[in-house]
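# Residue-level structural notes
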Amino acid sequence: MEITERTVQQLQQKLAQLKQEVQKVIVGQEAIVEEILVALLAGGHCLLEGVPGLAKTLMVRTLSQALDLSFRRIQFTPDLMPTDIIGTEILEEDHATGKRFFKFNRGPLFANIILADEINRTPPKTQSALLEAMQEFEITYGGQTYVLDRPFFILATQNPIEQAGTYPLPEAQLDRFLLYIKIGYPGAEEETAILSSTTGNRKVTVMPVLGATEIQQLQQLVREVSIDTDLIQYVATLIRATRPDTTTVPYVKEWVRWGAGPRAGQALILTAKARALFKGRYAATMEDLHAMAYPVLRHRVLMNFKADAEHISADDVTKELLKTIPRLQSPL
């Protein structure tokens, strides 16, 4: 598909309408909504983290209402089994012949948008059932492969403060999430607006704006957004700088146990392209890379014990690298 100004303008108008529909319900949190939409455009999945009461679930549900797509919510619990989300075979009988046969009964994972609510409350056995779906967009059961409908978008939520009865996501699963988005408390004006809008009898109707075909067109357009070769080299340098064994940045050597892999570079370039398209531009810029670096790297840079003790986070490392890398003259 060739990017034309008319096509981009039409789809961008739909994107602006989509954001407006979401903000009918979600007060503020513009940066968070934008990052979620960027992940959708880039064809990846999101992990949302925030304390209870910050409208994580409401945000995902509202987005699903603004998209003309199928939506399923899965409440992850300690007793949830892989077959509860993938599906299972059931024994049926052909009333005409009397013969019995097994039929695969599809689980809630067969939808366009999946809300994986409190994903860290289910054991790793069930968490791992999502891996094939997230990476390959298909599910294998009983030797049979079932292709998932596209677009396929998983938005998982987790609570960072309550650790009892939770199972931290393994690094391999975290890496499958394109973005790791942290949701903070609203500002003073936003909080006042939230209290005002949610304690009355005002009813809001969210209208669907984009369908599956248009979203797939947008995802294809993202791939065609240009990015300068120097910026690709910058991304390679940045990603390699997160690794203690290849970096020349002392800050990384002191605090980081394990750096980001090539998938992080792919994610950073794709999300930068998606953000550029979202902003109405035909090419990704350094501003786009810097804006997306935090949600791309915060779950792919693993801190050591010393960093944990000193409360040094992956975001701190990213901030340091974004200040340092432009001053380096050669790839690391």
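Predicted model, so just to flag it, every value in this text is computed and none were measured.

Of regular secondary structure, the protein possesses 15 helices and 13 strands. Relative to the compact-globule value of 20 Å for 332 residues, the protein shows a C-alpha radius of gyration of 21 Å, a close match. Its C-alpha atoms give the protein principal-axis dimensions of roughly 75 × 45 × 45 Å. For the protein, with 332 residues in total, the buried portion stands at 48%. Put simply, of all contacts in the protein between residues at least 6 apart along the chain, 77% involve residues at least 24 apart. Element-wise, carbon and sulfur atoms account for 51% of the exposed surface of the protein, whose accessible area totals about 16,500 Å². Here the protein contributes 35 positive and 39 negative side-chain charges, whose respective centroids are spaced 0 Å apart.

Quick look at the pattern of salt bridges now. For side chains of opposite charge, pairing can occur when their charged atoms come near one another. All told, the structure shown has 13 salt bridges when counted by the stated rule. When the shortest N-O distance is used, the salt bridge between K14 and E214 registers 2.5 Å. Note that K14 is positioned in helix α1 (residues 5-23) and E214 in helix α9 (residues 212-224), a separation of 200 residues in sequence. On the basis of relative accessibility, which here comes to 22%, the residue E214 falls in the partly exposed class. As a salt-bridge pair, E254 and K306 come within 3.1 Å of each other at their nearest N and O atoms. Note that E254 is positioned in helix α11 (residues 250-255) and K306 in helix α14 (residues 305-309), a separation of 52 residues in sequence.

With that settled, the discussion passes to the confidence of the model for the protein. Overall, the predicted model of the protein reaches an average pLDDT of 86, with 95% of residues at or above 70. Taken element by element, the protein is modelled with least confidence in α1, mean pLDDT 78, and with most confidence in helix α13 (residues 286-297), mean pLDDT 95. Below pLDDT 50 for its whole length, residues 328-332 participates in ten contacts with residues either more than four positions away or in separate chains.

Relative to the helices and strands, K273 is located in helix α12 (residues 262-278). Buried and unpaired, K273 has E224 as its nearest opposite-charge partner, separated by 9.6 Å. If near-sequence neighbours (up to four positions away) are discounted, K273 is found in contact with V222, R223, V225, I227 and A284.

So, about empty space enclosed by the protein. Under the criterion given, the structure shown has two cavities of 30 Å³ or more. In this structure, the largest cavity spans a volume of roughly 50 Å³. Residue composition of the lining of the largest cavity, by class: eight nonpolar, no polar and no charged. Computed from the structure, the second largest cavity encloses a volume of approximately 30 Å³. Looking at the second largest cavity, the residues that line it are R106, F110, A111, V147, L148 and D149. Considering only residue class, the lining of the second largest cavity consists of four nonpolar, no polar and two charged.

At a closest axis distance of 9 Å, the pairing of α13 and helix α15 (residues 314-324) adopts a crossing angle of 150 degrees. Taken together, the axis directions place α13 and α15 in an arrangement best described as roughly antiparallel. The two elements α13 and α15 cross, and the hand of that crossing is right-handed. Of the residues in α15, those in contact with H290, A293, Y294 and L297 of α13 are A314, D315, T318, K319 and L322. Looking at side-chain class alone, the contact of α13 with α15 contains five nonpolar, two polar and two charged residues.

Let's shift gears to the nonpolar core. If you look at the biggest cluster of nonpolar residues, it comprises 77 residues, and the most contacted ones within it are I36, L63, L67, L155 and M303. Looking at this core, the element that brings in the most residues is α12, giving ten residues. Excluding residues within four positions of it along the chain, M303 makes contact with W255, V256, R257, D308, I312, S313, A314 and V317. Counting 28 residues, the second largest nonpolar core, distinct from the first, contains I85, L109, F137 and A156.

Moving on, we get to the pairing of strand β8 (residues 144-147). Summarising the sheet, strand β7 (residues 138-141) and β8 pair through four bridges and their orientation is antiparallel. Counterpart to T140 in the pairing with β8 is T145. A loop of two residues connects β7 with β8, the two strands running antiparallel in sequence, and G142 in this loop sits at a positive phi of about 60 degrees.

Next up on the list: α13. A rise of 1.5 Å per residue sets the reference length of α13, with its twelve residues, at 16 Å; its end C-alpha atoms lie 16 Å apart and thus fit the reference within 8%. Taken as a whole, α13 has its buried residues at D288, L289, M292, A293, P295, V296 and L297. Tucked inside the fold, the buried residues of α13 contact α2 (30-42), β10 (179-182), α10 (229-241), α12 and α15.

Structurally, P123 is set in the loop between β6 (113-117) and α5 (124-127). Each C-alpha atom of the pair P123 and F137 lies 22 Å from the other, and the pair is 14 residues apart in sequence. Setting aside anything within four residues of it in sequence, one finds P123 in contact with T77, P78, L80 and Y167.

What counts and what doesn't
- Residues numbered from 1 in each chain as written.
- Predicted model: local features only at pLDDT ≥ 70, side-chain atom pairs only at ≥ 80, totals over all residues.
- Heavy atoms only, no water.
- Helix = DSSP H or I, 4+ residues; strand = E, 2+ residues; numbered from the N terminus.
- Rg over C-alpha atoms; globule rule 2.2 N^0.38 Å.
- Buried < 20%, exposed > 50% of the residue type's maximum accessible area, 1.4 Å probe, protein only.
- Contact = heavy atoms within 4.5 Å.
- Areas by Shrake-Rupley, 256 points an atom, 1.4 Å probe, with all protein chains shown as cover.
- Lys, Arg positive; Asp, Glu negative; His and termini not counted.
- Charge placed at Lys NZ, Arg CZ, Asp CG, Glu CD.
- Salt bridge = Lys/Arg side-chain N within 4 Å of Asp/Glu carboxyl O.
- pLDDT = per-residue confidence, 0-100.
- 1 Å grid on protein atoms, 1.4 Å probe; cavity = no way out; pocket = protein on both sides within 12 Å on 5 of 7 lines; lining within 4 Å.
- Points joined across faces, edges and corners; volume = space filled by probe spheres on them.
- Nonpolar A, V, L, I, M, F, W, Y, C, P; charged D, E, K, R; others polar.
- Axes fitted to C-alpha atoms, helices over the stretch in contact; angles between N-to-C directions.
- Parallel < 35°, antiparallel > 145°, perpendicular 65-115°, else oblique.
- Left-handed = near helix turned anticlockwise from the far one by under 90°.
- Core = buried A, V, L, I, M, F, W, Y, C linked by side-chain atoms within 4.5 Å.
- Pairing = 2+ DSSP bridges.
- Expected span 1.5 Å × (residues − 1).

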